[in-house]
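The chain contents come next:
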Amino acid sequence: MANVLDIRRRIRSVTNTRQITRAMKMVSAARLRRAQERALAARPYAQMLTSVLKSLVSRAEIYDPASGELLHPLLVRRPEQNVLLVVITGDKGLAGAFNANILKAAMRFLEAKSGKNVEIEAIGRKGRDFLRRRFKTADPRGADSTAPVATTLVGEQVGVLNRIEYPLASELAERIIRRYTHAEIDAVYLVFNEFKSVIAQRLVVEQLLPVEQIGAPAIAEATEMRLEEKKRAIEAARGAGVALRPADTREADARAAAFAAAPVDYIYEQPPAVLFRALLPKYLSIQIFHALLESVAAEHAARMTAMESATNNASEMIDALTLAMNRARQAKITKEIIEIVSGAAAL
Amino acid sequence: MAETFQLEIVTPEKLVVRDSAEEAQIPGRNGYLGVLPGHAPLITELGAGEISYRSGGQLHRFAMAWGFAEVLPDHVTVLAETVERADEIDLARAQRSLAEAEESLKSARTEEDVSEAAGKIERAQARLDVSQRQQS
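Residues numbered from 1 in each chain as written. Chains lettered and ligands numbered in written order. Predicted model: local features only at pLDDT ≥ 70, side-chain atom pairs only at ≥ 80, totals over all residues. Heavy atoms only, no water.

Peer 1: Tell me about the domain arrangement of chain B, residues and numbers included.
Peer 2: Residue and element names in this part refer to chain B. With domains assigned, chain B is organised as domain 1 (5-86) and domain 2 (87-135). With twelve residues of domain 1 in contact, the opposing surface of domain 2 contributes twelve residues. Ranking the residues of domain 1 by area buried against domain 2 places E84, R85 and A86 at the top, with a combined share of 45%. In this structure, the connection of domain 1 to domain 2 is made through two salt bridges. Between E84 and R127 there is a salt bridge whose closest N-O contact spans 2.5 Å. At the boundary of domain 1 with domain 2, the tally comes to six residue pairs in polar contact (both at pLDDT 80 or more). Residue assignment for the side of domain 1 that touches domain 2 shows that the elements contributing at least two residues are β6 (49-55), β7 (58-64) and β10 (83-85). (Domains from an automatic or database assignment. Contact = heavy atoms within 4.5 Å. Buried area = accessible area lost by both parts, 1.4 Å probe. Salt bridge = Lys/Arg side-chain N within 4 Å of Asp/Glu carboxyl O. Polar contact = N/O pair within 3.5 Å; in protein donor to acceptor, adjacent residues only side chain to side chain. Helix = DSSP H or I, 4+ residues; strand = E, 2+ residues; numbered from the N terminus.)

Peer 1: Pulling in residues and values, what's your account of the nonpolar core?
Peer 2: Counting 99 residues, the largest nonpolar core has L85, L131 and I176 of chain A together with F68 of chain B as the members making the most contacts within it. Among the elements that line this core, the one with the most residues is helix α8 (residues 272-346) of chain A, at 18 residues. Once you skip the residues sitting within four places of it in the chain, L85 of chain A turns out to touch A106, F109, L110, V118, E119, I120, E121, Y189 and V191 of chain A. With 21 residues, the next largest nonpolar core counts I26, L46, Y53 and M64 of chain B among its residues. (Core = buried A, V, L, I, M, F, W, Y, C linked by side-chain atoms within 4.5 Å. Buried < 20%, exposed > 50% of the residue type's maximum accessible area, 1.4 Å probe, protein only.)

Peer 1: Provide a residue-level description of the interface of chain A and chain B, including the pertinent values.
Peer 2: Facing 32 residues of chain A, the contacting portion of chain B comprises 28 residues. Interface area, chain A with chain B, both sides summed: about 2600 Å², of which 63% is carbon and sulfur. Three residues stand out in chain A for area buried against chain B, namely Y45, F259 and E269 of chain A, and they jointly supply 25% of the buried area on that side. Our enumeration of links across chain A and chain B arrives at three salt bridges. For R178 of chain A, the salt bridge goes to E112 of chain B, with nearest N and O atoms at 3.9 Å. At the boundary of chain A and chain B, one finds 13 residue pairs in polar contact (both at pLDDT 80 or more). Sorting the residues of the side of chain A that touches chain B by element identifies α1 (4-41), α2 (43-57), α5 (166-181), β8 (267-268) and α8 of chain A as the ones contributing at least two each. The residue makeup of the side of chain A that touches chain B, split by class, is 23 nonpolar, two polar and seven charged. Relative to strand β5 (residues 42-46) of chain B, β8 of chain A is paired through two bridges, and the arrangement is parallel. Each bridged residue has a counterpart across the sheet, and for I267 of chain A the counterpart in β5 of chain B is L42 of chain B. (Nonpolar A, V, L, I, M, F, W, Y, C, P; charged D, E, K, R; others polar. Pairing = 2+ DSSP bridges.)

So, in structure tokens, the structure goes:
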């Protein structure tokens, strides 16, 4: 049996670890709350933009009189030859299976698109590191490039997730739009962890371009949370005082949905078609911005859950070690008594 | 007729202003618009420029980049991609980006590059103007 001193040393070490994991859990919970608030604050703009686009789409003037079609470079459908995949992971680890799951989904996507030219843009250090090990880094391919079909890493954003600001999303969106308009890419997908609340999360592959329908994200693939994950997330959230349900936004949502859609005859300063052309690119920026905000919230939630599990495991180990230590001590005392007693008997 | 209207300025990141205003000036794509209570319903794209409103006799000024506005008789909502309160503007940064934009205008080759540089100049200029007007 191990000696008491050794066990005591191990208990002390596990206790220290538990202190760290517990602190990390609380920090993640605080960051999660902040991330949720930011996502909430970003809702009105996104919804108003969606609302005005929807109301513009419902107007006849913006359709081409000859073909009756809605014309916009971002609505153009081409055979999918060159695909851009934007992968959003975290910058840091220790978040359970968060990064691994996203990258698994990305790899599945790449498998499904094999035979096509796929370019990857990685946001987040973890994803960048993983993808860079597997694929060549290359310059974005031009429309008339003769380079062989391949999967390449064409861009990365690392260390930006700490403080997500809108320009990050809008610059990325502008770059994507320019390439799409020039027919360098035929479709754009986004892989990320969607986050509505601690218990309403899923991993999605969303088609950004071509735009299918405004106000309804085109989800190509979604993986829901497993029951076991949900249970652990609930426990962790309750322990850290994080709300399980998303805040009630019905009233604000209703107001936003009425934006530019009041039952009145608006004067249009610009023709609706011009407005539509100017607004649609912003819709893309907003979708990316939201994906980033939600991914960050999901990452903090995943870390919070992972650290809760780690803390529980440490507690269990401390209990087991304490028991072992007491047994060892008892055994030692018993042995000593036996020695004394048998020594006395020998006299 | 009501003497004020509700004004909201919203950016992608948050709600910046929710206030009742007596009048407002917004930088429409085709020129500045003055809005008073009871304005006819209107929808317009906004350019870079100054957005200002008067509330309780106090004038508030902001610099904004691209945006979009809905005007209703008792309610004005402005969606703006970026909004900065006049006293929050970073003058040095605005001057720097103006210089940069002028530089890239010189080296611009395509139509796109030119309009991008022009947009950047517009935005930087709007910041500088608002900030200077605030100080005078």
